[in-house]
Amino acid sequence: MTKDEEQLLMQQLTDPKSQRKAFERLVREYSEQLYWQVRRMVLSHEDANDVMQNVFLKAWAHLDDFHRDSKISTWLYRIAVNESLDFLRRQKNQIVMSTDDGGQSVSQTLMADRYFDGDQTEALLQEAIAQLPDVQRTVFNLRYFDEMKYSDISKLLDTSEGALKASYHIAVKKISEFFKSRD
């Protein structure tokens, strides 16, 4: 979305006459990229859909709180990341599955998911990512999959670029160690 298109959309979102149609456009415009960000964090298609509903409900409810000094995409990503992290905190016992207690590993669960279209390596990558602390997982997903710039992630997560680079580096190291332990 160009800067001019975004400004027009922001104007339409503040006008009660055009607000509903503008919000429908916002949902169409950002649903897919937000879905994949959420899906990489919560892993399950069904859970991602639930979180996405919450993201757009929260966005609609807080349209008046949107600070026009940031981009719409940054605002929506922040809501999506926060909703995903809240979901993960609530579901921690279900998401972090241990083979010690008879549960399936994340990679086994993903391979059984009819909506998962990756291979075993992708499933193992998701398992490695799922074991990262929340902040490292979020930074890794935004940087690696969404190819987001550190400056944009910094605005999104309200932290310094240096801290983000350190988190990403540590996450990459942990993922590498995860794969080395599987060899």
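Residues numbered from 1 in each chain as written. Predicted model: local features only at pLDDT ≥ 70, side-chain atom pairs only at ≥ 80, totals over all residues. Heavy atoms only, no water.

This paragraph deals with the overall build of the protein. What the protein contains, in helices and strands, is ten helices and zero strands. Counting from the amino terminus, helix and strand elements in the protein follow one another as α-α-α-α-α-α-α-α-α-α. Relative to its full complement of 183 residues, the protein shows a buried share of 43%. Contacts spanning at least 24 positions in sequence make up 59% of the contacts within the protein whose residues lie at least 6 apart. (Helix = DSSP H or I, 4+ residues; strand = E, 2+ residues; numbered from the N terminus. Buried < 20%, exposed > 50% of the residue type's maximum accessible area, 1.4 Å probe, protein only. Contact = heavy atoms within 4.5 Å.)

For the pair helix H2 (residues 19-42) and helix H3 (residues 45-61), the least separation of the axes is 9 Å and the interaxial angle reads 140°. The handedness of the crossing between H2 and H3 comes out as right-handed. Residue-level contacts link Gln 19, Arg 20, Phe 23, Leu 26, Val 27, Ser 31, Leu 34, Tyr 35, Val 38, Arg 39 and Val 42 of H2 to His 45, Asp 47, Ala 48, Asn 49, Val 51, Met 52, Phe 56, Ala 59 and Trp 60 of H3. Residues that form the contact of H2 with H3 fall into these classes: 13 nonpolar, four polar and three charged. (Axes fitted to C-alpha atoms, helices over the stretch in contact; angles between N-to-C directions. Left-handed = near helix turned anticlockwise from the far one by under 90°. Nonpolar A, V, L, I, M, F, W, Y, C, P; charged D, E, K, R; others polar.)

Positive phi values are uncommon outside glycine, yet Leu 43 reaches one of about 75°. Inspection of the secondary structure assignment puts Leu 43 in the loop between H2 and H3. Judged by relative accessible area, which is 10%, Leu 43 ranks as buried. Phi at Glu 147 takes a positive value of approximately 50°, unusual for a residue other than glycine. By secondary structure assignment, the location of Glu 147 is in the loop between helix H8 (134-145) and helix H9 (150-157). Overall, Glu 147 belongs to the exposed group, its relative accessible area being 65%.

Another point: H2. For H2, with 24 residues, the first-to-last C-alpha span of 30 Å runs short of the 34 Å given by 1.5 Å per residue. A bend of about 50° at Ser 31 is the largest found in H2. Positive phi shows up at Leu 43, right after H2, with a value of about 75°. (Expected span 1.5 Å × (residues − 1). Bend = angle between axes of the 7 residues up to and from the residue.)

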